[in-house]
Amino acid sequence: MAKRKAAPEDDAAATSPSRAGAKPPDGSVYIGQSIKPESIPEFIWLRLANRHGLITGATGTGKTVTLQGLAEGFSDAGVPVFCADVKGDLSGVAEAGEPKPWIEARDKEIGYTQDYRAYPVIFWDLFGELGLPIRTTVSEMGPLLLSRLMDLSDAQEGVLNIAFKIADDEKLPLSTLANLQTLLEGLAARADTLTTKYGNVTKASVGSIQRSLLVLDRQGGAHFFGKPVVNIKDLMLKDGGRGYISVLAAEKLMESPRLYATFLLFLLSELFEVMPEVGDPEKPNLVFFFDEAHLLFKDAPKALLEKVEQVVRLIRSKGVGVYFVTQNPLDIPDTVSRQLGNRVQHALRAFSPLEQKAVKAAATTFRANPAFDTEKAIMELGTGEALVSTLDEKGQPSIVQRTLVRPPNSRVGPITDSERNKVIAASPVKYPEKPADSDSEQARLQQWADGPADAKAASADEKATTKTSSGGASRSDSFWTTLGKTIIRTGVPLATKVLTDALKGKGRRGGGGFTGFGALDTGGGSKSADQSKTGTSAEEEYVPFKSIPDERGILGGRKRS
Ligand SMILES: Nc1ncnc2c1ncn2[C@@H]1O[C@H](COP(=O)(O)OP(=O)(O)O)[C@@H](O)[C@H]1O
Ligand SMILES: [Mg+2]
């Protein structure tokens, strides 16, 4: 960031016109300058940066540039950043910027001195091509998110849950998709015996899951599932005093929007599990930008929204600031939107009635400025100009200001392949290109799958009944599972029913998008004719999550070491 005078009395700069021309105070991240009637710096207080944020605006209005500038500011302040690079144009943050007419024009308008330089970046890529491979295991992701990923039907998800339960009971490893395939083969081979022990396992359901697994595999799942799993702490590294900016290559990933959204959600929940409670720190431990955030919420059932709302609310005290980036502020549900304290609204178009509604809604989220009409301003904003309201020192939203956003110090636009490769080679952490060899795990699974059906089922049964409280061989009891369990544990049939209804996620099978929490039938609901046909009645015997130990806290899934 450009040099700035830092005096404590500058703290009033945000709201006091007498501070015109002042530089942003220490302990803040500069956004840009509101120039009318006077030039006033707009910024986010670092100590309030964990109160989350929202960047919105139509395509081409300057969202990515704003995000890039904020990422730089956080990095400079020693705060690591995680962001997804949806279009490939954020990768330039790893290289120094250079003078461009629009940059120089903007600098002149706002009195900013560019400090062209590269920022410390770690590139990540689920496919392992454009960055370090980022992996997790099948058991770590758990059956609920996996069902979502594969868009399984209720009956299929019931079977997947049984598969995870058996893996727990038999202490079978579930790292890779191949592991899961083998487990499913074994399930199909002894469907009859297992049905009587665990609930209905039909060959047809198993077959459907296996086909869905193949699709996931083709989307790149084979790269993504395996060991070594990403160490969440590697997303929070520093280079001297500067925070690393983790850039997830997401162009290809966006071809599978559900994989993209579920993965980021998974990452958030892992962050939640791993990070200690810190209350309100002087500055965040991590700032997480969730680009194309509409994919997270699109068609999501109420229970998922509630959980996302909960994660966003609670992750704050872990010192993680979540910044959603999306075109339309209406993409973000109210319950989540209310928690986003720091807001940058770029221009919106308002041709259609729906667009007009969005403008109106966006306008009402701001504390009005008597100097202009918020609604009109949203439609008039130029490129790289935004309505900005951040939390003031008291934690109240500041009066909205028309703000000219400062250009980034790093390059605006994509990095070249050779530049990227150099950055990757210089990464402070290493992950193997290929998943670690899991032959022995696979062999164990194969042995189980090939084993005599009766003996196996009997032994599974024995373990299931003699076990007091599972030490938890697998990570099936992840955050998401624990959430569901918590609801069930809180007791009553009503809670179970809420979960059941909610998890069923209406419309989750319509369209190919990201469509909400996976379905799980706890057996309370009435069966559709279709379900009866596939014979899911035995699901009624299956109590989900029953093997999960009770000592877990409300949101405390198993933590990684
Ligand atoms: N702060 C800014 N000042 C001046 N021009 C800007 C600014 N932000 C963006 N622009 C211009 O607008 C273009 C598109 O910005 P971008 O951030 O990619 O838009 P979006 O992400 O909303 O589609 C940039 O390449 C740049 O030319
Ligand atoms: Mg963009």
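What you see is a predicted model; the values in this text were computed from it and never measured.

Draft legend 1. Fine view of the overall build of the chain. For the chain, the helix and strand inventory stands at 19 helices and 14 strands. Expressed as a percentage of its 561 residues, the buried residues of the chain come to 53%. Sequence-distant contacts, at least 24 apart, represent 77% of the contacts inside the chain between residues at least 6 apart.

Draft legend 2. Spatial organisation of the site of ligand 1. Near ligand 1 lie 15 residues; those nearest to it are Gly62, Lys63, Thr64, Val65 and Gly384. When contributions to the shell around ligand 1 are tallied by element, the ones reaching two or more residues are helix 1 (63–76) and helix 2 (101–110). Counting residues per element, the shell around ligand 1 draws most heavily on helix 1, which supplies three residues. A class-by-class count of the residues in the shell around ligand 1 yields five nonpolar, eight polar and two charged.

Draft legend 3. Structural context of the pairing of strand 3 (residues 53–56). Across the two faces of strand 3 the burial is the same, with Gly53 and Ile55 and Leu54 and Thr56 all buried. In this structure, strand 3 lies alongside strand 11 (residues 320–326), joined through four bridges in parallel fashion. Bridge pairing in strand 11 links Thr56 to Thr326.

Draft legend 4. Spotlight on the pairing of strand 12 (residues 342–345). What you see with strand 12 is no split at all: Asn342 and Val344 on one side and Arg343 and Gln345 on the other are buried throughout. Note that strand 3 and strand 12 share four bridges and pair parallel. In the sheet register, Ile55 faces strand 12, and the bridge partner there is Val344. Where strand 12 and strand 13 (residues 385–389) come together, three bridges link them in antiparallel fashion. The residue of strand 13 that forms the bridge with Arg343 is Ser389.

Draft legend 5. How the structure looks around helix 1. A rise of 1.5 Å per residue sets the reference length of helix 1, with its 14 residues, at 20 Å; its end C-alpha atoms lie 20 Å apart and thus fit the reference within 8%. Directly beyond the C-terminal end of helix 1, a positive phi value near 85° is found at Gly78.

Draft legend 6. Seen up close, the packing of helix 3 (residues 138–150) against helix 8 (residues 257–274). At a closest axis distance of 10 Å, the pairing of helix 3 and helix 8 adopts a crossing angle of 155°. The pairing of helix 3 with helix 8 is recorded here as roughly antiparallel in orientation. The hand of the helix 3/helix 8 crossing is right-handed. Across the interface between the two elements, Met141, Leu145, Arg148 and Leu149 from helix 3 touch Arg258, Leu259, Thr262 and Phe266 from helix 8. Here the contact of helix 3 with helix 8 is composed, by residue class, of five nonpolar, one polar and two charged.

Draft legend 7. Up close: the environment of Tyr323. As for its placement among the helices and strands, Tyr323 is situated in strand 11. Since 26 C-beta atoms lie within 10 Å of it, Tyr323 is described here as buried. With sequence-adjacent residues up to four places away left out, Tyr323 is seen in contact with His52, Gly53, Leu54, Ile55, Val287, Phe288, Phe289 and Phe290.

Draft legend 8. How the structure looks around the environment of Asn421. Mapped onto the elements of the fold, Asn421 is located in helix 14 (residues 417–425). According to the C-beta neighbour criterion, Asn421 is partly exposed, with 13 such atoms within 10 Å. Through-space distance from the C-alpha of Asn421 to that of Leu130 is 8.0 Å; in sequence the pair is 291 residues apart.

Draft legend 9. View of helix 12 (residues 353–364). Compared with the 16 Å implied by 1.5 Å per residue over twelve residues, the 17 Å span of helix 12 between its first and last C-alpha is a close match. Every buried residue of helix 12 is accounted for by Ala358, Val359, Ala362 and Ala363. Buried residues along helix 12 cover an arc of 135° about the axis, so they all sit on one side. Exposed side of helix 12, more than 90 degrees from the buried face: Pro353, Leu354 and Thr364 are the residues found there.

Draft legend 10. Molecular detail of the nonpolar core. Within the largest apolar cluster, 131 residues are counted, with the highest numbers of intra-cluster contacts made by Cys83, Val121, Ala163, Phe288, Phe290 and Tyr323. No other element matches helix 8, which puts eleven residues into this core. Of the residues that make up this core, three or more belong to each of domain 1 (28–134 + 231–252 + 319–425) and domain 2 (138–227 + 452–541). In this structure Ala163 touches Leu183, Leu184 and Leu187, once residues within four positions along its chain are discounted.

Draft legend 11. Geometry of the environment of Ser139. Here Ser139 shows up in helix 3. Linking Ser139 and Leu174, residues 35 residues apart in sequence, is a C-alpha distance of 5.4 Å.

Draft legend 12. The packing of helix 5 (residues 177–189) against helix 15 (residues 439–450), seen in detail. Between helix 5 and helix 15, the shortest axis-to-axis distance is 8 Å and the interhelical angle comes to 10°. Overall, the two elements helix 5 and helix 15 adopt an arrangement that is roughly parallel. Packed against helix 5, whose contacting residues are Ala178, Asn179, Thr182, Leu183, Glu185, Gly186 and Ala189, the element helix 15 presents Glu441, Gln442, Leu445, Gln446, Trp448 and Ala449 at the interface. For the contact of helix 5 with helix 15, the residue count by class is six nonpolar, five polar and two charged.

Draft legend 13. Summary view of the sheet that holds strand 5 (residues 121–125). The strand order across the open sheet formed by twelve strands is 2-1-14-13-12-3-11-10-4-9-5-6, and the pairing between neighbours is mixed. Each edge of the sheet is formed by a strand with only one pairing partner; in this case those strands are strand 2 (40–45) and strand 6 (132–133). Sheet topology note: the strand 4 (residues 81–85)/strand 9 (residues 245–249) ladder contains five bridges and is parallel. Bridge pairing in strand 9 links Ala84 to Leu248. Strands strand 1 (28–34), strand 3, strand 4, strand 9, strand 10 (286–290), strand 11, strand 12, strand 13 and strand 14 (401–405) of the sheet are contacted by helix 1, whose axis makes an angle of about 155° with strand 4.

Calculation rules
- Residues numbered from 1 in each chain as written.
- Chains lettered and ligands numbered in written order.
- Predicted model: local features only at pLDDT ≥ 70, side-chain atom pairs only at ≥ 80, totals over all residues.
- Helix = DSSP H or I, 4+ residues; strand = E, 2+ residues; numbered from the N terminus.
- Buried ≥ 20, exposed ≤ 12 C-beta atoms within 10 Å, placed from the backbone.
- Contact = placed C-beta atoms within 7 Å.
- Near = placed C-beta within 6 Å.
- Nonpolar A, V, L, I, M, F, W, Y, C, P; charged D, E, K, R; others polar.
- Pairing = 2+ DSSP bridges.
- Expected span 1.5 Å × (residues − 1).
- Axes fitted to C-alpha atoms, helices over the stretch in contact; angles between N-to-C directions.
- Parallel < 35°, antiparallel > 145°, perpendicular 65-115°, else oblique.
- Left-handed = near helix turned anticlockwise from the far one by under 90°.
- Arc of directions from axis to C-beta.
- Core = buried A, V, L, I, M, F, W, Y, C linked by C-beta atoms within 7 Å.
- Domains from an automatic or database assignment.

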